[in-house]
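Structural features, examined
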Amino acid sequence: MPRTDIVVIGGGAAGCMAALAAAERGARVTLLERNPKLGRKLYITGKGRCNLTNHSTVQDCIANTPHNGRFLTSALTQFPPEEVMAFFEELGVPLKVERGNRVFPRSDKAADVIDALFRVLHRAGVDIVEERAAAIQTEKGAVTGVKGEKGQQYPCKAVILATGGVSYPATGSTGDGYAMAKTVGHTIQEPKGSLVPLKAEGCAPMQGLSLRNVELEIKTDKGKSLFREQGELLFTHFGLSGPLVLSASAHMRDFEHESYRAVIDLKPALDEETLDRRLLREFSEGANKDLRHVLERLEPRSLILFLLEQAEIGGDTKANGVTRAQRRRLLETIKGLNIPITGPRPVEEAIVTAGGVTVKEVSPKDMSSKVCKGLYLAGELLDVDAYTGGFNLQIAWATGRAAGLGAARFCREEAE
C-alpha cells in the first residue's frame, strides 16, 4: 500500500493550501517542493509585502479574471476572499486593506504569511520533502505515484499538480507542470506572459516618470478598444509599466496577428472644452515664453518635448505664436497620447502566466482531471489569469483548497 495517500507537487500558494486542506480531512499528504523553502514566489508578491487577496465579492473576483473567470465560480464560492482573510487571521497573521481593496499582512512582510503556512502544514502532519518531481506515474489511466528527479518513488492514490507557470523562473516556476500534465493526456494552451510590462519605442527620455490619475486605453490596429481604465502608469527605458499597463496586458493576447497601441488621456478630469480654455489661459499668461516652459504648469518636464514632438510643434515656439491648428493638435495629444506597442516583455518578467492546462479538461468543483483518474490541478498551472490586486493569489488559494478537498474525498472513496 502507498505510504502516502496524496502527493502534492509544488509548494507555492496553491500547493500549500491543497496539502493543508487534504491533511485536515485525514489524508496522508507528502508535499514535494524543489526549493529549500516553501512559497518562494510569495516572497516577491506585492513588492515583498504579499498582496494575498482582494477584499471583494466572488462576482468581483470573476469580473477581474478576464480569461476563463466563470470556471472559478465554484472554487471561489467555496473559499471566497473573506474566508481567506479569516483563515490567515486565525493563523496569527493580522491583515490590513489598502487602496483597491488589496489585502496585506499588517507587518508588510511576506515572510509572515509563509511562516504561518509552514507551521500549520507541520501541525497537520504534512510531510514536506525537498524534491523536484520528474513524472506522474499512471496505470490504466489512473495515478499510481510520482517519480522524483533522483529516481525516488512516491506511490500514492492521488496527485495534486500545483507547479505554477513560467513567470519568475528563479522561484522554481519553469514549466515542469505543463510537461507532466501533457504526458498524462492534458491539452496545454501556450503559456504567455500576463500582467507584463510592454515594449514601446521612444519612451527612454521619460524613464522613471510615474503618471497618476491618467486614463489608458488599448486599441488594436483596426480601432477596436480592448481596455480602458484610470490609474497609474510608469515610463521605463524599454516602454511602459505600472499597475494600469500590467492590467491592460492581460487583454493583449495575440501579438503575432494584432498590432496594439496605447492611448493615454493625460487629463481625464478635463473635457476638451475645459482643457482648451486652460491652454489659452496659460498661453496668455506666458505669451513671450517658449512653449516648452509654459507647459511645465500642465505636464511633467520630462514629458513635454515628447508631447510637442507628437503634436508637431517646436519646443522653442513662443506661446503667443501658437496657431489655432497647433493648439488643437496639442490638445488632442494631451487627451490622446498615442504610443505604438511593439510587444510584451519576456514571460520571465510577467507577474503571472496566461495559458496552461485547458479548463475544459478539469472539473470546476474539485479541480479533478477529466483525463486522468486521481489527478488534480490547481493554481497558475491552469489556463486562468486575473488582473493585479490580489486576485491571482485568491485564485491560487481557492483552487488549491478545492483540489485538496477533492483529492481527500477521492482517497476516502477509494478506501471504502
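Conventions and cut-offs
Residues numbered from 1 in each chain as written. Predicted model: local features only at pLDDT ≥ 70, side-chain atom pairs only at ≥ 80, totals over all residues. Heavy atoms only, no water. Pairing = 2+ DSSP bridges. Helix = DSSP H or I, 4+ residues; strand = E, 2+ residues; numbered from the N terminus. Contact = heavy atoms within 4.5 Å. Axes fitted to C-alpha atoms, helices over the stretch in contact; angles between N-to-C directions. Core = buried A, V, L, I, M, F, W, Y, C linked by side-chain atoms within 4.5 Å. Buried < 20%, exposed > 50% of the residue type's maximum accessible area, 1.4 Å probe, protein only. Parallel < 35°, antiparallel > 145°, perpendicular 65-115°, else oblique. Left-handed = near helix turned anticlockwise from the far one by under 90°. Nonpolar A, V, L, I, M, F, W, Y, C, P; charged D, E, K, R; others polar. Phe/Tyr/Trp six-rings, centres within 6.5 Å; stacked < 30°, edge-to-face > 60°. Lys NZ or Arg CZ within 6 Å of the ring centre and 35° of its normal. Disulfide = S-S within 2.5 Å. Salt bridge = Lys/Arg side-chain N within 4 Å of Asp/Glu carboxyl O.

Here we come to the sheet that holds strand β17 (residues 337-341). Ordered by their spatial adjacency, seven strands build an open sheet running β17-β16-β13-β14-β15-β12-β18, and the pairing between neighbours is antiparallel. Bordering the open sheet on either side are β17 and β18 (343-344), each of which pairs with just one other strand. Where strand β12 (residues 198-199) meets strand β15 (residues 239-241), two bridges bridge the pair, whose relative direction is antiparallel. The residue bridging L198 from the neighbouring strand is L240, located in β15. Running over the sheet, helix α10 (residues 301-310) touches β13 (210-220), β14 (225-235) and β17 and is turned about 90 degrees from β17. The strands that helix α11 (residues 324-335) touches are β16 (260-265) and β17; relative to β16, the one it contacts most, it runs at about 105 degrees.

A few words now on the nonpolar core. Among the nonpolar cores identified, the biggest contains 87 residues, and I6, L52, F88 and W397 are the most heavily contacted of them. Here this core gets 12 residues from one element, more than from any other, and that element is helix α12 (residues 391-415). Excluding anything up to four places from it in sequence, I6 contacts A22, A27, R28, V29, T30, C156, A158, I160, A407, A408 and C411. Counting 43 residues, the second largest nonpolar core, distinct from the first, contains C203, I218, A248 and I341.

Let us now look at the pairing of β16. Both faces of the sheet carry side chains from a regular strand, because those side chains alternate between them. Among the six residues of β16, five are classified as buried, and the element is accordingly described as predominantly covered. Across six bridges, β13 lies against β16 in antiparallel orientation. Looking across to β16, one finds that E215 is bridged to D265. Relative to β17, β16 is paired through five bridges, and the arrangement is antiparallel. Considered in β17, the bridge of R261 is made with P340.

A separate point is the packing of helix α8 (residues 272-285) against α11. Where α8 contacts α11, the axes come no closer than 10 Å and their chain directions differ by 125 degrees. Put simply, α8 runs oblique to α11. Two packed elements cross with a definite hand, and for α8 against α11 that hand is right-handed. Across the interface between the two elements, E272, L275, D276, L279, L280 and F283 of α8 pack against R327, R328, L330, L331, I334 and K335 of α11. Split by residue class, the contact of α8 with α11 holds seven nonpolar, no polar and five charged.

This paragraph deals with the packing of aromatic side chains. What the rule picks out here adds up to five aromatic pairs. Considering the side-chain rings of F255 and Y260, the 4.9 Å spacing of their centres and the 70 degrees angle between planes classify their relative orientation as edge-to-face. F255 sits in the partly exposed class, given a relative accessible area of 25%. These aromatic residues form a ring-pair network of at least three members: F79, F87, F88 and W397. Positioned above the aromatic ring of F238, the side-chain terminus of R345 is 4.1 Å from the ring centre. In this arrangement the basic side chain of R401 is found over the ring face of F79, its NZ or CZ atom lying 5.0 Å from the centre.

Tallied over the full model, the rule gives zero disulfides. No disulfide involves C156; its nearest neighbouring cysteine sulfur is the one of C411, lying 8.0 Å away.

Turning next to the sheet that holds strand β6 (residues 127-130). As summarised here, the arrangement of the five strands in space is β6-β2-β1-β10-β20, forming an open sheet in which the pairing is parallel. Each edge of the open sheet is held by one strand with a lone partner, namely β6 and β20 (375-377). Adjacent strand axes in the sheet meet at a mean angle of 20 degrees when their direction is disregarded. Pairing of strand β10 (residues 158-161) with β20 involves three bridges; the strand directions are parallel. The residue of β20 that forms the bridge with L161 is L377.

Interaxial distance between helix α1 (residues 13-24) and helix α5 (residues 110-123) falls to 10 Å at its minimum, and their mutual angle equals 30 degrees. Viewed along their axes, α1 and α5 adopt a mutual orientation that is roughly parallel. Considering how the two elements wind past one another, α1 and α5 form a crossing that is left-handed. Between α1 and α5, the contacting residues are C16, A19 and L20 on the first element and L117, V120 and L121 on the second. Across the contact of α1 with α5, the residue classes break down as six nonpolar, no polar and no charged.

You can see E309 is positioned in helix α10. Between the C-alpha atom of E309 and that of L330, which follows or precedes it by 21 residues, the distance is 9.6 Å.

A few words now on the pattern of salt bridges. Counting across every chain of the model gives 27 salt bridges. In this structure, R328 and E272 form a salt bridge, with 2.9 Å as the shortest nitrogen-oxygen distance. A residue pair is termed long-range when its members are at least 10 positions apart, and R328 in helix α11 and E272 in helix α8 qualify at 56 residues. The salt bridge partner of E414 is K373, with a shortest N-O separation of 3.7 Å. In this pair, E414 sits in helix α12 while K373 sits in the loop between β19 (352-357) and β20, placing the two residues 41 residues apart along the sequence. Judged by its relative accessible area of 43%, E414 is partly exposed. Salt bridges sharing partners connect three or more residues here, namely R34, R132, E149 and D176.

Read these as spatial facts, not as claims about activity.
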